[in-house]
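What the coordinates show
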Amino acid sequence: MAELVTIARPYAEAVFRLALENKALAGWSERLSLLSEIAADDRMRSCIGNPELSAAQKSELFKSLVGKAVAGSEANLIDVLAANERLSALPEIAALFEALKASQEGVKEATIYSAFPLDDAQRMALIADLETRFKTRLTAEVVVDQSLIGGVKIVVGDQVLDTSVSGKLECLRLALKN
């Protein structure tokens, strides 16, 4: 996996710089998402790995699956990736691009572990409180983890805020152990 990130990073950075220069971050985000979905398809992966297909054939097949006319920088990206046998790196390129885009826009990702499912109102209120606490905009994913017993555990980057019952019990256990 680390090798794929290493391969994908220069492509993601180049596309990001291009999108930033052209003020087209949202458009490229959509394009890369679609290209990533195509590259992740099992049938397409077998075509990408087929040594009997030339780079040009793979590129044309890929472009035909996009569903609209592909031209300019997008076509060039597909051609370059096909020529360098890197089409399989598109999902990672898209993920790295999204991380660069989020960083540029000042948005961080948060993972909220909750003992119980959160409704939309609870989720929105919690995100608003977290944005105030962390002084940044957040995109949040909620994961239900019943082992928390109650409360939530929030991870934003390398920071962890644990207000769960199991977290408090663990702190109590460690305090009593000493």
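What you see is a predicted model; the values in this text were computed from it and never measured.

1. Considering helix 6 (residues 90–104)
For helix 6, built from 15 residues, the straight-helix expectation of 21 Å at 1.5 Å per residue is met to within 8% by its first-to-last C-alpha distance of 21 Å. Turning to helix 6, its buried residues are L90, E92, I93, A94, L96, F97, K101 and A102. Taken from the residues just after helix 6, G106 is the one with a positive phi, measuring 75 degrees.

2. Side note on a nonpolar patch on the surface
There is a patch of nonpolar side chains on the surface, built from I149, V165, L169, L172 and L176 and spanning about 480 Å² of accessible area. Structurally, the position occupied by L176 is in helix 8 (residues 165–177). Residue class for L176 comes out exposed when judged on its relative accessible area of 67%.

3. Re the pattern of salt bridges
Going through the model one piece at a time under the given rule, you end up with 7 salt bridges. Here R45 ties to D42 by a salt bridge, and the two come within 2.7 Å at their closest N and O atoms. Separated by 3 residues within a single helix, R45 and D42 lie in helix 3 (residues 42–48), roughly one turn from each other. A relative accessible area of 54% places D42 in the exposed class. Through salt bridges with shared partners, a single network forms among E60, K63 and D79.

Parameters at a glance
- Residues numbered from 1 in each chain as written.
- Predicted model: local features only at pLDDT ≥ 70, side-chain atom pairs only at ≥ 80, totals over all residues.
- Heavy atoms only, no water.
- Helix = DSSP H or I, 4+ residues; strand = E, 2+ residues; numbered from the N terminus.
- Expected span 1.5 Å × (residues − 1).
- Buried < 20%, exposed > 50% of the residue type's maximum accessible area, 1.4 Å probe, protein only.
- Patch = residues over 30% accessible without salt bridge, like charges linked within 9 Å, V, L, I, M, F, W, Y side chains within 5 Å.
- Areas by Shrake-Rupley, 256 points an atom, 1.4 Å probe, with all protein chains shown as cover.
- Salt bridge = Lys/Arg side-chain N within 4 Å of Asp/Glu carboxyl O.

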